[in-house]
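Examination of the molecular architecture
What follows is the residue order along each chain.
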Amino acid sequence: MSHEKRTFEFYVLAAFFALFVLFLYGPLSAILILSFQGETGGLTFPLNGVSLHWFANLFERQAVGDFGGSFERSLVLGLMVMVVTVIVSLLAGLAFRRKFRGATALFYLAIASLVVPSIIISLGIGVVFQQIGFRPAWYTSAFGAHLTWTLPFGVLIMFAVFNRFSPAYEEAARDLGATSWQTFVHVVLPMIAPSLIGVGLFGFTLSYDEFARTLMTSGTFNTLPLEIYGMTTNVTTPVLYALGTVTTVFSFLVILATLGAIVYVGRRRARA
Amino acid sequence: MTVALERPAIAAAPIRRRRFSLSAVTPYLQSAPLAFILGAFLLLPIIMIVVVSFWDYDFAAMYPDFLTTNYSDVLGSWVTWKTYLNTIKFAAIVWALTLFIGFWVAYFLAFHIRTTAMQMVLFLVCTVPFLTSNIIRMISWIPVLGRNGLINSTLVHMGLVPKPIEWLLYSEFAVVLAMVHLYTLFMVTPIFNTLMRIDKSLVEAARDAGASGWQVLWNVIIPLAKPGMAIGTIFVVTLVTADFSTVQVMSGGQSASVALMMKNQMSLLQYPAAAANAVVLLILVLLMVAGILRIVDIRREL
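Worth saying up front: this structure is predicted, and the values here are computed from it rather than measured. (Residues numbered from 1 in each chain as written. Chains lettered and ligands numbered in written order. Predicted model: local features only at pLDDT ≥ 70, side-chain atom pairs only at ≥ 80, totals over all residues.)

1. Focus: the overall build of chain B
Secondary structure summary: chain B contains 15 helices and two strands in total. In terms of C-alpha radius of gyration, chain B reaches 27 Å, well past the compact-globule figure of 19 Å for 302 residues. For chain B, the C-alpha atoms occupy an extent of roughly 110 × 70 × 35 Å along the three principal directions. Counting all 302 residues of chain B, 40% fall into the buried class. (Helix = DSSP H or I, 4+ residues; strand = E, 2+ residues; numbered from the N terminus. Rg over C-alpha atoms; globule rule 2.2 N^0.38 Å. Buried ≥ 20, exposed ≤ 12 C-beta atoms within 10 Å, placed from the backbone.)

2. What about the overall build of chain A?
When you go through chain A residue by residue, the secondary structure sums to ten helices and zero strands. Scanning chain A from its N terminus toward the C terminus, one meets helices and strands in the order α-α-α-α-α-α-α-α-α-α. Taking 2.2 N^0.38 as the reference for a compact globule, 272 residues should give roughly 19 Å; the C-alpha atoms of chain A span a radius of gyration of 23 Å, well beyond that estimate. Each principal axis of the C-alpha atoms in chain A carries an extent, and together these give about 75 × 70 × 35 Å. Counting only residues that meet the buried cut, chain A has 42% of its 272 residues in that class. Considering only contacts within chain A whose residues lie at least 6 apart along the sequence, 78% involve residues at least 24 apart. (Contact = placed C-beta atoms within 7 Å.)

3. Topic: the interface of chain A and chain B
Size of an interface, as often reported, equals the accessible area lost when the parts are brought together. Contact residues are listed per partner, giving 72 residues for chain A and 70 residues for chain B. Put simply, the parts of the chain that give the side of chain A that touches chain B at least two residues each are helix H1 (8–34), helix H3 (67–95), helix H4 (103–115), helix H5 (118–132), helix H6 (141–163), helix H8 (180–209), helix H9 (224–234) and helix H10 (239–271) of chain A. If one sorts the elements of the side of chain A that touches chain B by residue count, H1(A) sits on top with 17 residues. Of the residues assigned to the side of chain A that touches chain B, the class counts are 53 nonpolar, 16 polar and three charged. (Nonpolar A, V, L, I, M, F, W, Y, C, P; charged D, E, K, R; others polar.)

4. Describing the confidence of the model for chain B
All names here are of chain B. In this model, chain B carries a mean pLDDT of 84, and residues with pLDDT of at least 70 account for 91%. When the elements of chain B are averaged for pLDDT, helix H15 (residues 298–301) gives the smallest value, 66, and helix H3 (residues 78–111) the largest, 93. When the criterion is pLDDT under 50, residues 1–17 qualifies, and its contacts beyond four places in sequence or with other chains add up to zero contacts. Confidence estimates for the predicted assembly give a pTM of 0.86 and an ipTM of 0.86. (pLDDT = per-residue confidence, 0-100.)

5. Notes on unusual backbone geometry
Residues and elements named next belong to chain B. A positive phi is found at Tyr170, a non-glycine position, where the angle reads about 55°. Relative to the elements of secondary structure, Tyr170 occurs in the loop between helix H7 (150–157) and helix H8 (172–183). Judged by local crowding, Tyr170 falls into the buried class, with 20 C-beta atoms found within 10 Å. Positive phi, normally seen in glycine, also occurs at Leu269, with a value near 60°. Position of Leu269 relative to the elements: it lies in the loop between helix H13 (258–267) and helix H14 (271–295).

Pasting the structure below:
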C-alpha cells in the first residue's frame, strides 16, 4: 500500500487521531500549567501570576497529609511488586512452554485475576486478614493485592513471548555442548530481556498507580494514590495540581528510563 | 563382548532416570510461585467472600451463621436494582465509545502509517498517559469542564451560551467522558495487535477481486479484527463494572455504581452485605466474560 497516494480516508483518520491525542494530553497539560498558579489563584484558569507556591505547600508536612511518607511507601511497594512480577512471570512463562497437569486451570486462574473486580479482591483480602488475625499492611496484604493485578499482565506477556520463541536456538546451544543453565543464561535470557524490562515497567507503574485494591488492604499507612484520592474530596487549592504534576513527571521519568534501558539492551545485542 | 557392553548401560541408567524425573517436575516448580500467590490472594479471598456473604452482622462485628438475608436485601431492594442497571448502562455506553474510537485509532496506526518506527512512536504516544495515575487524570478534567473551566469560559466568551453549562462536570456525562479517557487504550492495544497480524496480501487480493474500500473494511478487516475487539471488550467491560472512583469523583456523588455501593457498605463495616453484593457482581462479570470467551479463544490469540 505504501506506493499509493494519500487518500481522503487518510486525512480524515489523521485528524481523528490528532483529536484523540489532544483528548489524551489536553487535560493533563491543563493541570501541569495550573500547578504554577499564583498564590491567590484558584482551581481554574486564568493564572493569577506564576509561582512555585503550591509545590512548596506540597512539601510542608502539615499542609496536605503525608505526601513524603506515602510517596516513599508507594515507591518501595512498586519496586517490590516489580521484582516479584518479573521473576514469577518468567518462571510461569517457562513452565507454560511444556504441558503439565493443571496448566489450563492455572492459566484461567490468571485470566480470572484480571477480570475479578478489584474492589472484590480488596474486600476479600481485608476479610481474610481480619479473620486470621493478621494486621493488614501495605507490605503484606496490599503487596499481595497488587500482585493479583500485575501478575496476569506479566504472565500474558511472557506467554505471548514464548509462543513466538523458536526452540531452534536452544537446540543449537545444546548441540554445541551448553548445559541447560548455560543455554538459559546465555541464549534465552538475552533474547527475552526487552520483554522482561517491559514486564517490570508494567509491574511498577500498575502498582504505583493502583488504589482500588489498596483501599481495604493498606492498613494504617496510606500509599500515594490513596492519599491523592483522599485529597480529591477535601482539598480545594491548586496544591492538588502540584501533586498531580510531581507524580506525573515521576511516571514519565520511569517510562523514559525503561525505554532507554530497552533501547540500550537492543543495541548491545545488535553489537554482540 | 555383550557383558562388557551391558555394564556401562546399567551404570548409566540411574542417572538418566534421575534427570528424567527432575525435568518432569520442573514445570510444577516453575509454576508454583504463581499458583501460590493467586491461591492466597485471589482464590482464598473469593472463597472467604462467599462464606462471609451468609454471615450475620451488626454495627461492630460479623457472626458466623448461615443466613440468606444479605442476598434478599440485595436482590429485594429497588435501589440496588437501579444501581446495577446504572452500572450496566455505563458499561454499555463506554464500551460502544471505546470500541469506536479504539478501532479507528488502531486502524489508522496499522494501515495508514507506513513505517514501523513511526507506528511504534505514535503507539507509545497513545500509551504513555495510561501509565500515569488514574486519579490525576480524572482530576485533570476539573479545570477543563468546571463551571469556570476552559470550555465554559470559551463558550460564554464567544456568546454561544448565556451562562456556564452546569452538566459538564459532576454529571453522568463527566463520568462517561472520564471513563473513555481512562480506558480507551485497553481497546486500542488488542485491536492494533490483531490488525498488525493481518496479511496485507489479503487486502490486495480483495482489491484485485474488485472490492471497494468499504467492502474490504467490512468483509476482510473487521472479521479478522474480532478477536482483538473481544479482548478489548473484556478489559473495558470489567474495568467499568468494577469502577467506583470515577463514578464518585466525576459525578460529585450524584450517580451510583455497584462497586461504589460496596465501598460505602465497607466503610460502614457492613462486610457481609458488601460480600453478598460482591458475589452477585462477580457472577455478573464472569457470565459476561464467559459469553465473550465463547466467541474467541484468547489462548490462541496471544
